[in-house]
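So you can see what is in the structure, the chains are spelled out below.
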Amino acid sequence: RITLPLMSKVKEELSRMESLQVISRVEELTDWCAGMVVVPKPDGMNLGDEQLEVETNLCVESVMSSLPASDERLEEIRRHQQKDDVLVQLKIFCTDGWPDKFSLDRAFQPYLQFAGELTVQHDLLLKGSQIVIP
């Protein structure tokens with residue numbers, strides 16, 4: 001529930017995020033849902049898109065630089081991931097979006113529970129901050 005005084009600001013922010021393609025509007029029932037907590041900031045300002053991008057990139061680089069593997073080993077893992085058909089498709093799901101669970105091929109069903117944790121960074125498939133090894 002959103003309090004009435006915040007409703008217009010929340011709608012405005014959701015519209016902004018939708019226009020930036022951070023979120024998308026869903027009109028039908030879905031199994032996918034993320035809760036939302038509205039926390040007004042004292043200054044009423046949102047974290048600017050540029051600042052958010054800079055901070056996100058710093059976080060990604062921090063994760064990538066802390067991976068327990070040399071650059072050569074990461075390249076080897078990257079090559080093996082590119083040869084694995086399942087991992088190639090998982091990378092596509094991570095970048096383009098996951099299909100609904102009813103149309104998802106059986107080979108990918110076990111990965112669906114981790115969909116929110118799987119990401120692609122520097123062409124490496126990661127689960128959180130861990131490298132997915134083929």
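In what follows, the structure referred to is the one given above.
Everything numeric in this text was worked out from a predicted model, so none of it was measured.

Definitions and cut-offs
Residues numbered from 1 in each chain as written. Predicted model: local features only at pLDDT ≥ 70, side-chain atom pairs only at ≥ 80, totals over all residues. Heavy atoms only, no water. Pairing = 2+ DSSP bridges. Helix = DSSP H or I, 4+ residues; strand = E, 2+ residues; numbered from the N terminus. Salt bridge = Lys/Arg side-chain N within 4 Å of Asp/Glu carboxyl O. Buried < 20%, exposed > 50% of the residue type's maximum accessible area, 1.4 Å probe, protein only.

Okay, the pairing of strand S1 (residues 118–121) next. Bridge count for S1 against strand S2 (residues 124–127) is four bridges, and the pairing is antiparallel. Bridge assignment links Leu-118 to a residue of S2, and that residue is Lys-127. Remark: two residues form the turn of the hairpin made by S1 and S2, two consecutive strands paired antiparallel; His-122 in that turn has positive phi of roughly 55°.

Within the structure shown, the criterion is met by five salt bridges. Across the pair Glu-13 and Arg-16 runs a salt bridge whose closest N-O atoms are separated by 2.7 Å. Taken together, the positions of Glu-13 and Arg-16, both in helix H1 (residues 4–19) and three residues apart, correspond to about one turn of that helix. Under the relative-accessibility criterion, Arg-16 is labelled partly exposed at 28%.

Despite not being glycine, His-122 shows a phi value in the positive range, around 55°. Structurally, His-122 can be placed in the loop between S1 and S2. A positive phi is found at Asp-123, a non-glycine position, where the angle reads about 60°. Along the chain, Asp-123 turns up in the loop between S1 and S2.

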